[in-house]
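Analysis of the macromolecular model
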Amino acid sequence: MSLGSIFDIAGSGMTAQSLRLNTTASNIANAETASSSTDTTYRARKPVFSAIQQSMMNPTQQGFGTEMSDNASAGVRVEGIVESDAELQMRYEPDHPAANEDGYVYYPNVNVVEEMADMMSSSRSFQMNVDIMNTAKSMMQRILTLGQQ
């Protein structure tokens, strides 16, 4: 693994956390959206990530420092965004404009406290990847100054 691939790995992590922040913001924005049926009610969304690992232990490689093939990479891949299958909130509000014939209004299955925790976690993860990139940049600059002495 070269020092330059750290930027690719941290960049993929930043992209993944940015998507996580966007889905969390969407969930919070729609937390109190009312609907008259279960089919049209907003459902909480969560991104699904998977780790992409370099095959460092691959027997076809000659050693630790060998170049990787073109299709090998490392980092985080976004597999998709899934909707939560938790129960929707059904409230009896007969005076609400979106109430059904029985007087019930359906609200999303968004837990705002959980979403805020997700938002803080993804924000900190994003910042950690920024710090990793800054550290790698600083290390590369120090390596360049070694040749000047």
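Read on for a plain summary of the structure. Remember, predicted model here, so these are calculated numbers, not experimental data.

Basis of the calculations
- Residues numbered from 1 in each chain as written.
- Predicted model: local features only at pLDDT ≥ 70, side-chain atom pairs only at ≥ 80, totals over all residues.
- Heavy atoms only, no water.
- Helix = DSSP H or I, 4+ residues; strand = E, 2+ residues; numbered from the N terminus.
- Buried < 20%, exposed > 50% of the residue type's maximum accessible area, 1.4 Å probe, protein only.
- Contact = heavy atoms within 4.5 Å.
- Axes fitted to C-alpha atoms, helices over the stretch in contact; angles between N-to-C directions.
- Parallel < 35°, antiparallel > 145°, perpendicular 65-115°, else oblique.
- Left-handed = near helix turned anticlockwise from the far one by under 90°.
- Nonpolar A, V, L, I, M, F, W, Y, C, P; charged D, E, K, R; others polar.
- Phe/Tyr/Trp six-rings, centres within 6.5 Å; stacked < 30°, edge-to-face > 60°.
- Lys NZ or Arg CZ within 6 Å of the ring centre and 35° of its normal.
- Salt bridge = Lys/Arg side-chain N within 4 Å of Asp/Glu carboxyl O.

Attention now moves to the overall build of the protein chain. If you tally the helices and strands in the protein chain, you get 2 helices and 4 strands. Going from N to C terminus, the protein chain has its helices and strands arranged as α-β-β-β-β-α. Going through the 149 residues of the protein chain one by one, you find that 25% of them count as buried. Counting contacts in the protein chain only where the partners sit at least 6 residues apart, residues at least 24 apart contribute 71% of the total.

Let us look at the packing of helix H1 (residues 5–29) against helix H2 (residues 112–146). The geometry of H1 relative to H2 is characterised by a closest axis approach of 9 Å and an angle of 160° between their N-to-C directions. Of the possible angle classes, the one that applies to H1 and H2 is roughly antiparallel. In this structure, the crossing between H1 and H2 has a hand that is left-handed. Looking at the contact of H1 with H2, its residues break down into 15 nonpolar, 11 polar and 4 charged.

This next bit is on the packing of aromatic side chains. Using the criterion set out here, one finds 1 aromatic pair in the structure. Sitting over the face of the ring of Tyr107, Arg91 holds its NZ or CZ atom 3.9 Å from the ring centroid.

Under the criterion given, the structure shown has 7 salt bridges. Between Arg91 and Glu32 there is a salt bridge; the shortest N-O distance is 3.5 Å. With Arg91 in strand E3 (residues 89–92) and Glu32 in the loop between H1 and strand E1 (45–52), the pair connects residues that are 59 residues apart, well separated along the chain. Judged by its relative accessible area of 54%, Glu32 falls in the exposed class. For the salt bridge of Asp118 with Lys46, the shortest nitrogen-to-oxygen distance reads 2.8 Å. With Asp118 in helix H2 and Lys46 in strand E1, this residue pair connects regions lying 72 residues apart in the sequence. With relative accessibility at 24%, the residue Lys46 sits in the partly exposed group. When salt bridges with common partners are traced through the structure, they connect Arg20, Lys46, Glu114, Glu115 and Asp118 into a single cluster.

A few words now on the environment of Thr15. With respect to the element layout, Thr15 can be found in helix H1. Since its relative accessible area comes to 52%, Thr15 is described here as exposed. Sequence separation of Thr15 and Val76 is 61 residues, and the distance between their C-alpha atoms is 8.5 Å.

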